[in-house]
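# A look at the structure
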Amino acid sequence: MTGAASMPGRPRGGALSGQATPRAHCVLAPNPSPMTLDGTNTWIVAEPDSDRAVVIDPGPLDEGHLRQVLATAERLGKRVALTLLTHGHPDHAEGAARFAELSGTHVRALDPALRLGDEGLAAGDVVRTGGLELRVVPTPGHTADSLSFHLPAEAAVLTGDTVLGRGTTVVAHPDGRLGDYLDSLRRLRSLTADDGVSTVLPGHGPVLEDAQGVVDFYLAHRADRLSQVEHAVKQGFRTAPEVVAHVYADVDRSLWPAAELSVRAQLVYLRERGAA
């Protein structure tokens, strides 16, 4: 991610942990940082009248947090039946194997290296557990293995790091690619227009209620940054560090390493199109 820019959409209640919708409950991991904002959102998702739940992104390998997720599910009257991953970055997935051990569940992910069990995840898959329906939406770009999960019953989408509750995300070059990321944002935009998705349940930051406005902001932000990078290259700033120092001069320097990853992805994107 690259900073806490102003976002359209309104955080629901402003809470970063607790019940976000009737079917989605957030447990905030204790790993705040400039890159993770307030920490990683671990989501417990279940039908209100079911005793089975799905956990999305157990988070870092923090025993206290993993046990808190299980205790929260139990308090809600749920048994964790399945673990899903939006992508493999450690702040989302490092604790998955230990959580699977604690909960006795399989782990499903796009990347085979992250799976525990026979089933993975792929575009178009529908995960059904205890009456809950989650539709797998491929959203590569932040990373090659990034997925989102459409929760039709709530008109919501769980976006991992593809869309954040505050600020914008990094395109993590070389694994992440800007062209893929722009396609993923357009795919999410179609969900808001065609499927009525209105709520973003992000991997970091608060819930956002204006999904379409958020995605439109992200698309505009990316277009603006790409234009700035292209202009910087034409001015003679050639290397990624040079471009970052010029384009991201007003951004906290603690975020420059992440910005450099995005700039590298933008430079590749421009070169592939003969613009750099």
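Report follows, based on the coordinates. (Residues numbered from 1 in each chain as written. Predicted model: local features only at pLDDT ≥ 70, side-chain atom pairs only at ≥ 80, totals over all residues. Heavy atoms only, no water.)

### A closer look at the overall build of the protein chain
Counting its regular elements, the protein chain contains 7 helices and 11 strands. Projected onto its principal axes, the C-alpha coordinates of the protein chain cover approximately 60 × 35 × 35 Å. In the protein chain, which comprises 276 residues, the proportion classed as buried is 53%. Excluding contacts between residues fewer than 6 apart, the proportion of contacts in the protein chain whose partners are at least 24 apart in sequence is 64%. About 11100 Å² of surface is accessible on the protein chain, with carbon and sulfur atoms providing 49% of the total. Computed over 26 positive and 34 negative side-chain charges, the inter-centroid distance for the protein chain is 2 Å. (Helix = DSSP H or I, 4+ residues; strand = E, 2+ residues; numbered from the N terminus. Buried < 20%, exposed > 50% of the residue type's maximum accessible area, 1.4 Å probe, protein only. Contact = heavy atoms within 4.5 Å. Areas by Shrake-Rupley, 256 points an atom, 1.4 Å probe, with all protein chains shown as cover. Lys, Arg positive; Asp, Glu negative; His and termini not counted. Charge placed at Lys NZ, Arg CZ, Asp CG, Glu CD.)

### Looking at unusual backbone geometry
Each neighbour pair has its own omega, and for histidine 173 with proline 174 the value is 5°, a cis peptide bond. In this fold, proline 174 is placed in the loop between strand S10 (156–160) and helix H4 (178–194). Phi is positive for aspartate 57, which is not a glycine, with a value near 65°. Checked against the element boundaries, aspartate 57 lands in the loop between strand S4 (52–56) and helix H1 (63–75). The buried category is assigned to aspartate 57, whose relative accessible area is 2%. Phi is positive for alanine 155, which is not a glycine, with a value near 50°. Relative to the helices and strands, alanine 155 is located in the loop between strand S9 (147–151) and S10.

### A word on the pairing of S4
Judged by how many residues are buried, S4 sits mostly within the fold: 4 of 5 residues are covered. Across 3 bridges, the pairing between strand S3 (residues 41–45) and S4 is antiparallel. In the strand pairing of S4, isoleucine 44 is matched with valine 55. The hairpin turn running from S3 into S4, its antiparallel successor, is 6 residues long. Across 5 bridges, the pairing between S4 and strand S5 (residues 79–84) is parallel. When the bridges of S5 are listed, arginine 52 appears paired with arginine 79. A crossover links S4 with its parallel partner S5, the connecting element being H1, and its sense is right-handed. (Pairing = 2+ DSSP bridges. Right-handed = clockwise from strand over helix to strand, strands pointing away.)

### Looking at the pairing of strand S2 (residues 24–28)
Among the 5 residues of S2, 4 are classified as buried, and the element is accordingly described as predominantly covered. Here strand S1 (residues 18–21) pairs with S2 via 3 bridges, running antiparallel. Across the sheet, threonine 21 pairs through a bridge with alanine 24, a residue of S2. Judged from the 5 bridges that link them, S2 and S3 form a sheet pairing that is antiparallel. By the bridge assignment for S3, cysteine 26 is matched with tryptophan 43.

### Some points on the sheet that holds strand S6 (residues 107–108)
Across the sheet, which stays open at both edges, the 6 strands sit in the order S1-S2-S3-S4-S5-S6 with mixed pairing between neighbours. The outermost strands of the open sheet, each flanked by one partner alone, are S1 and S6. Packed onto the sheet, H1 meets S2, S3, S4 and S5 and runs at close to 150° relative to S2. Packed onto the sheet, helix H3 (residues 96–103) meets S4, S5 and S6 and runs at close to 155° relative to S5. (Axes fitted to C-alpha atoms, helices over the stretch in contact; angles between N-to-C directions.)

### Some thoughts on the sheet that holds S10
Strand order in the open sheet formed by 5 strands is S7-S8-S9-S10-S11, with mixed pairing between adjacent strands. Two strands close off the open sheet at either side, each with one partner strand: strand S7 (126–129) and strand S11 (199–202). The mean angle between the axes of side-by-side strands here comes to 25°, regardless of whether they run parallel or antiparallel. Examined bridge by bridge, S10 and S11 share 4 bridges and lie parallel to one another. If you follow leucine 158 over to S11, its bridge partner there is leucine 201. The strands touched by H4 within the sheet are strand S8 (132–138), S9 and S10, with S8 carrying the most contacts at an inclination of about 145°.

### As for the packing of aromatic side chains
Inspection of every chain in the model, using the stated rule, returns 1 aromatic pair. On the basis of an interplanar angle of 65° and a centroid distance of 6.3 Å, the ring pair of phenylalanine 217 and tyrosine 218 is categorised as edge-to-face. Looking at phenylalanine 217, the relative accessible area reads 23%, which means it is partly exposed. A relative accessible area of 1% means that tyrosine 218 is categorised as buried. One residue, arginine 273, lies across the ring of tyrosine 269, its end atom 3.6 Å from the ring centre. (Phe/Tyr/Trp six-rings, centres within 6.5 Å; stacked < 30°, edge-to-face > 60°. Lys NZ or Arg CZ within 6 Å of the ring centre and 35° of its normal.)

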